[in-house]
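# Observations on chain architecture
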Amino acid sequence: MLIINCPWCGARPEIEFRYGGEAHIARPADPSALSDQEWADFLYNRTNPKGRHAERWRHIHGCGRYFNAVRDTVSDFFVATYKAGEPRPDIAGETK
Amino acid sequence: MTGSFRTASGGRIDRAKPLAFRFDGTTYYGFQGDTLASALIANGVHLMGRSFKYHRPRGVVSAGSDEPNALVDVRRDDARTTPNLRATQVELYEGLVATSQNRWPSLAFDAGAMNDLFSPFLPAGFYYKTFMWPAGAWKRFYEPKIRAMAGLGVAPTLPDPDRYTQHYAHCDVLVIGAGPAGIAAALAASATGARVMLVDEQAEFGGSLLAETAATLDGKPAQQWLADGLETLAASGNVTLRTRTTAFGYFPHNMIALAERVTEHLASPNPNLPRERLWQVRATEVVIAAGALERPLVFPENDRPGVMLADAGRTYLTRYGAKPGTRATVFTACDSGYRAALELAAGGVEVAAIADLRPQVHGDWAAKALDAGIDVRPSTVVTGTLGRRRVSGAHLAKLKAGAVGPAETVACDLVLMSGGFTPSVHMFSQSRGKLVYDPALQVYLPGTSVERERSAGACRGVYGLKAVIEDGYARGEGAAKDAGFGTSSPRAFAVEAAELGTDGFIGAVPHGRNPAFAKAFVDWQNDVTSKDIALATREGFRSIEHVKRYTTTGMATDQGKSSNMNALGIVSEQLGVGVPQIGLTTFRPPFTPTTFGIFAGAARGDLFDPIRTTPIHDWAAERGAAFEDVSLWKRAHYFPKTGEDMHAAVARECKAVRSSAGIFDASTLGKIEIVGPDAAEFMNRMYTNAWTKLEPGRLRYGVMLREDGFVMDDGVVGRLSHDRFHVTTTTGGAPRVLAHMEDYLQTEWPDLDVWLTSTTEQWAVIAVQGPKSREILQPLMDDIDLSRAAFPHMSVREGHVCGVPTRVFSVSFTGELGFEVNVPAEHGRAIWEAIFKAGAPYGITPYGTETMHVLRAEKGYIIVGQETDGTAVPDDVNLGWAVGKAKRDFVGKRSLERAAMSAPDRKQLVGLLTTDPKIVLEEGAQIVAEPGVKVPSPHPVPMLGFVTSSYASATLERSIALAMIKGGRARIGTKLHVPMPGGSIEVTVVEPSFYDPKGERFDA
Ligand SMILES: [Zn+2]
């Protein structure tokens, strides 16, 4: 079981958290201005990378906050966690 | 009385404590400290089971958790019968009852052994090849037959009466395995002050030291050194010691799962103790000291009872005082066979010969053996064995330039084999560490780590007692240092012990016999022979993962502990490529079979899932209500009077609501308090409806969509003030809705000044519905005027009822005049009882969820999740009116603008009336245009939709149904058909509102 570092509470076991999908996909300010294709891209299409993935997590059995994390989808390990609204950290180094 | 093969003295058994036990109906005697296997061996019993596929007689092969053959059922009573236990790990207790497996009718005579005669027809992959035809026969015939023949033990059918507990633990250094390396590691780590946990799967700590009679450590006999070391650890205060505790799973971030067997070894377990404990240990650093497993040699008929691993034979003698035979032949590819031969010879077992696969024997082992009068034969193979239920002889033949010479038969009742040792890399591999092949040792060793762990001793290819102990000590010290502790004092170990070298062999030994009549077993438990593996490679399998699945080698409960390396060796030889190119099968938890009980823990019966009850639950239970589960809630389903079935009770409850008044516990409705200056704006964005203009004191039915435009939830929302909404959700949807709201609020619109609070359990909700509801409630209200003028339908008022603060909603899910009285949960039952008492003169009737469903269906009100299935947009279920068309945006709005979302052939909510009013349709039944279709239909019939809700309506004195039908609204007035196994049912499509469609009764 992973240990996840909630930016608000600190290190906690994985069972306290819930996954929330890919991060940094902002809801368009004016959805009606989007074409069907653009809207479908926002709604459904995700990057699904092998390696570093920025994603949303919620400390659902803790502070209840959504936060963002960079996780390595190869190793499954978290590389960094950060508060919602903060930019994705620029992390050097390759997949561990 | 304790066995004719018992030595006169020695071993770790307690000869003062004899124990009686039964195996396959016969009573035997052993001693405290015996395993079932050692006690049987002491009684001369080697036949302990039948093999899985061929039902061949099998004896014990090993002395530990790697045992593939000796699987037994241990029975305490009908509920406490444990199958598939390794006799080598079952500790003997007074009165133990064990039976062998895979035999019918008896172990000595087994009907399934015919499979062995037919074995030429049962090659690798035979399941896949043979049982393919005719279609359907697999399920009906082959599978049940094969399962009956090839099953392992039988699980009890009664509930498990034992208790299993689950615990978390933390330590600085966890040491897995308490052999010499593990003991040394624990000593080193604990000396630094680190919190150390030392665990071992066996009944006592010591590992290989427990069988050691010759070596000395620091000038003491090995077992004295062990006892002193354990005393030091026990006295240190920072060390937790757990025996009978298997580290069975290595999970991320150094979470190690341990299974501790607490009472399994006791004749009369203390009922206050759990049978087993699951420990989830989070260790800062881990030392894996799992040792090495001796490898069998793959030669023909190497599976006869009496053929066992050399070190196992030695262990039975020195640790348990049980002679594994009277005359032994040793077949070895390394020095371990010599050590076993010499110790057995010294212990009174005649050693007929040592067949050594190697042309040269290093060191002084051969000389010692010759001194002991043992016939040592280099470059010699065993080409087969004799005997049926016990080995009676071995064929020995010389190897000359790769060719096998003529065989000579040596009489013996014991064949000891050793192909060298395989490091136990299971836990390292489970930790996702990368294994590297060592061509010199012909084994895989731990390479790059992923977790904070290190291996120590034999499990990383370090052999020899002195080297192992020094390695263990250094690794233990290193682990403590990495965990942030200082160094322990340097320590030198004076060790006098026999050196075994590192020789070994993998693959199949040449035997020169006709392969059709030579079964050389690689995987004993799954009956896989070298021939099966060779066949798999001939049929084109290259990867070991594929060979494994095709032949089933390594897939039994022992997970190939003894077979994996030999299988690799055979594939390597067959394909002419190196072992590393073939790959290695994945090591997965559990290391050894683990009970389901330990995973279930306390989560069974009433504790399987949380049970949520309302403040009125006990009142309903006292009135004899039947309950149904709605998500985690227990809800009163109906309130039967004496002699009533559900149908009668529901008919009576419905009539009461329609004619006078009913009272209903709606406390399970989800409730969210939405507060803040931007509350209305937030509501506008989360719901389809417009909220800005909703006056404080008014209610509105709200519809919530997902971003993809489909209905997610619904509920009545009250606006209490400019900046405060009382939102209700469906019973099951409450957590989902709150999470959905939090998601948008936190991540999309953090600028909105709004607070969301779940108040589901803070409010008890008492629905009073029916034409008399106003008359019943008004006298109880301290300061709320329920009159039609002051309190119109779809309003909310705050005040007091019977002195208790309340929020009263004038709302109806029944079609009648109705109110929902919200009171703080702790007052729920008192207010309920007060209302019930006040309603008594009116015949107020408690009703349950079934009546609620019937009443709402009569009105055509949907239930999200019953009429909708995650693909319905509001218009599909006639809720288009609730979508605020003028709003610029809300969650799901853009998706509703897609053309497909308003296509005329979408499934739409309609009502159905059966032509025969007595027929109640089945919910979920399909609806078609073609008349007369019976299920199953001989030809495909286009499906138009399905029944979503269906009830017998007492009010309408007929059946009613709701359905989702393609282009349904355009079909109103037409006839459709519901094919059923009993014949087709004719229905008429109608408006989905059967009762008071104009809603004139709300303000009655
Ligand atoms: Zn948190």
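Residue indices begin from 1 for each chain and proceed along its sequence in written order. Chain letters start at A and ligand numbers start at 1, both assigned in the order the entries are written. Reporting of local features is limited, given that this is a predicted model, to residues whose pLDDT is at least 70; pairs of side-chain atoms are given and counted only at 80 or more, and all residues count toward the totals for whole chains, interfaces and linings. Hydrogens and waters are ignored; side-chain quantities use all the structure's heavy atoms.

Another aspect to go through is the overall build of chain B. Each helix is a run of H or I in the DSSP string that is no shorter than four residues. Each strand is a run of E no shorter than two, and both are numbered from the N terminus. Helices and strands together make up the secondary structure of chain B, namely 24 helices and 50 strands. Dimensions of chain B, computed from C-alpha atoms along their principal axes, come out at roughly 115 × 70 × 55 Å. Out of the 1004 residues in chain B, the part that is buried amounts to 58%. Working rule for contacts: check all heavy atoms of both residues, and any pair within 4.5 Å makes them a contact. For chain B, restricting intrachain contacts to residue pairs at least 6 apart in sequence, the fraction spanning at least 24 positions comes to 67%. Values of accessible area rely on a 1.4 Å probe in the Shrake-Rupley scheme; residue burial ignores everything except the protein chains shown. In the form shown here, chain B has an accessible surface area of approximately 39,300 Å², with 56% of it arising from carbon and sulfur atoms. Side-chain charges in chain B split into 105 positive and 110 negative, and the spacing between the mean points of these groups amounts to 4 Å. Partly exposed residues are those whose accessible area sits between 20% and 50% of the maximum for their type, while under 20% is buried and over 50% is exposed, using a 1.4 Å probe and protein chains only. Positive charges come from Lys and Arg alone, negative charges from Asp and Glu alone, with His and the N- and C-terminal ends not counted. Positions of charges follow a simple convention, taking NZ of Lys, CZ of Arg, CG of Asp or CD of Glu.

The next subject is the coordination of the zinc ion. Residues and elements named next belong to chain A. Coordinating N, O and S atoms are those within 2.8 Å of the metal (3.2 Å for Na, K and Ca), and as water is not part of the atoms, a site may appear to have fewer donors than expected. At 2.0 to 2.3 Å from the zinc ion lie its protein donor atoms, namely Cys-6 (SG), Cys-9 (SG), His-59 (ND1) and Cys-63 (SG). Of note is the zinc ion, whose 4 donor atoms meet at the metal with angles of 105 to 117 degrees in an arrangement that counts as tetrahedral. Sequence positions of the donors to the zinc ion reduce to the motif C-x2-C-x49-H-x3-C. Its relative accessible area of 2% is what places Cys-6 among the buried residues. Geometry is assigned from donor-metal-donor angles: four donors are tetrahedral when every angle falls between 85 and 135 degrees, four are square planar and six octahedral when opposite donors sit over 155 degrees apart with all other angles between 65 and 115, and any other arrangement is irregular.

This paragraph deals with the packing of helix 18 (residues 646-659) of chain B against helix 23 (residues 849-859) of chain B. Residue and element names in this part refer to chain B. Angles run from 0 to 180 degrees between N-to-C directions of axes, and those axes are lines fitted to C-alpha atoms, restricted for helices to the stretch in contact. Contact pair helix 18 / helix 23: the axes reach a minimum separation of 9 Å and the direction vectors enclose 55 degrees. Considering the angle they form, helix 18 stands oblique to helix 23. In this structure, the crossing between helix 18 and helix 23 has a hand that is right-handed. Of the residues in helix 23, those in contact with Met-646, Val-650, Glu-653, Cys-654, Val-657 and Arg-658 of helix 18 are Glu-850, Thr-851, Val-854, Leu-855 and Glu-858. Roughly parallel refers to an angle under 35 degrees, roughly antiparallel to one over 145, roughly perpendicular to one between 65 and 115, and oblique to any angle outside these ranges. Take the far helix as the reference: if the near one is turned anticlockwise from it by less than a right angle, the crossing is left-handed, and if turned clockwise, right-handed.

Let us look at unusual backbone geometry. Excluding glycine, residues mostly have negative phi values, and the peptide bonds linking residues are mostly trans. A cis geometry characterises the amide bond from Pro589(B) onward to Pro590(B), with omega recorded as 0 degrees. Among the secondary structure elements, Pro590(B) is positioned in the loop between helix 15 (579-582) and helix 16 (596-600). That bond from Val935(B) to Pro936(B) is cis: its omega, 0 degrees, falls within 30 degrees of zero. Looking at where Pro936(B) falls in the secondary structure, it is placed in the loop between strand 46 (926-927) and strand 47 (945-953). Notably, Asp76(A) is not glycine yet its phi reads approximately 75 degrees, a positive angle.

The next thing to look at is the interface of chain B and chain A. Contact with chain B, which involves 30 residues of that partner, is made by 28 residues of chain A. Buried area is calculated as the accessible area (1.4 Å probe) missing from two parts once they are joined, with the contributions of both summed. Of the roughly 2,300 Å² buried between chain B and chain A, counting both surfaces, carbon and sulfur atoms make up 45%. Sorting the residues of chain B by area buried against chain A places His253(B), Gln746(B) and Arg894(B) first, and these three jointly supply 28% of that buried surface. Among the salt bridges present, the one from Arg27(A) reaches Asp889(B), with a minimum N-O distance of 2.7 Å. Salt bridges are identified by distance alone: a Lys or Arg side-chain nitrogen within 4 Å of an Asp or Glu carboxyl oxygen.

Of the residues in chain B, 95% have a pLDDT of 70 or more, and the chain-wide mean is 94. With pTM at 0.90, the complex prediction returns an ipTM value of 0.96. On a range of 0 to 100, pLDDT expresses the predictor's confidence in each residue.

Now for the packing of aromatic side chains. Residue and element names in this part refer to chain B. What counts as a ring pair is set by centres within 6.5 Å for rings of Phe, Tyr and Trp (its six-membered ring), and what kind of pair is set by the plane angle: stacked under 30 degrees, edge-to-face over 60, tilted for all other angles. Inspection of every chain in the model, using the stated rule, returns 24 aromatic pairs over all chains. Judged by centre distance (4.9 Å) and plane angle (15 degrees), the ring pair of Phe-664 and Tyr-847 falls under stacked. Residue Phe-664 is found in strand 34 (residues 662-665), and its partner Tyr-847 is found in the loop between strand 44 (845-846) and helix 23; the two are separated by 183 residues along the sequence. Side by side, Phe-664 and Tyr-847 carry an identical accessibility label, which is buried. Aromatic ring contacts, followed pair by pair, group Trp-619, Phe-639, Trp-832 and Phe-836 into a single cluster.

The next subject is the domain arrangement of chain B. All names here are of chain B. Each domain of chain B was delimited in the assignment, giving domain 1 (14-126), domain 2 (164-292 + 423-496), domain 3 (297-418) and domain 4 (903-1004). Contacts between domain 1 and domain 3 engage 24 residues on the former and 20 residues on the latter. At the boundary of domain 1 and domain 3, one finds 2 salt bridges. Its salt-bridge partner being Arg-58, residue Asp-303 comes within 2.9 Å of it at the nearest N-O pair. For this analysis, a polar contact is any N or O atom pair within 3.5 Å, provided that within protein one partner can donate a hydrogen and the other can accept it, and provided that sequence-adjacent residues contribute only side-chain to side-chain pairs. Scanning the region where domain 1 abuts domain 3 turns up 6 residue pairs in polar contact (both at pLDDT 80 or more). If you list the elements that add at least two residues to the side of domain 1 that touches domain 3, you get helix 1 (36-42) and strand 4 (57-59). Here the element with the most residues in the side of domain 1 that touches domain 3 is helix 1; it accounts for 4 residues. Taken together, the residues of the side of domain 1 that touches domain 3 sort by class into 10 nonpolar, 8 polar and 6 charged. The start and end points of each domain follow an automatic or database-based domain assignment. Residue polarity is assigned by list, with Asp, Glu, Lys and Arg as charged and Ala, Val, Leu, Ile, Met, Phe, Trp, Tyr, Cys and Pro as nonpolar; anything else, Gly included, falls into the polar class.

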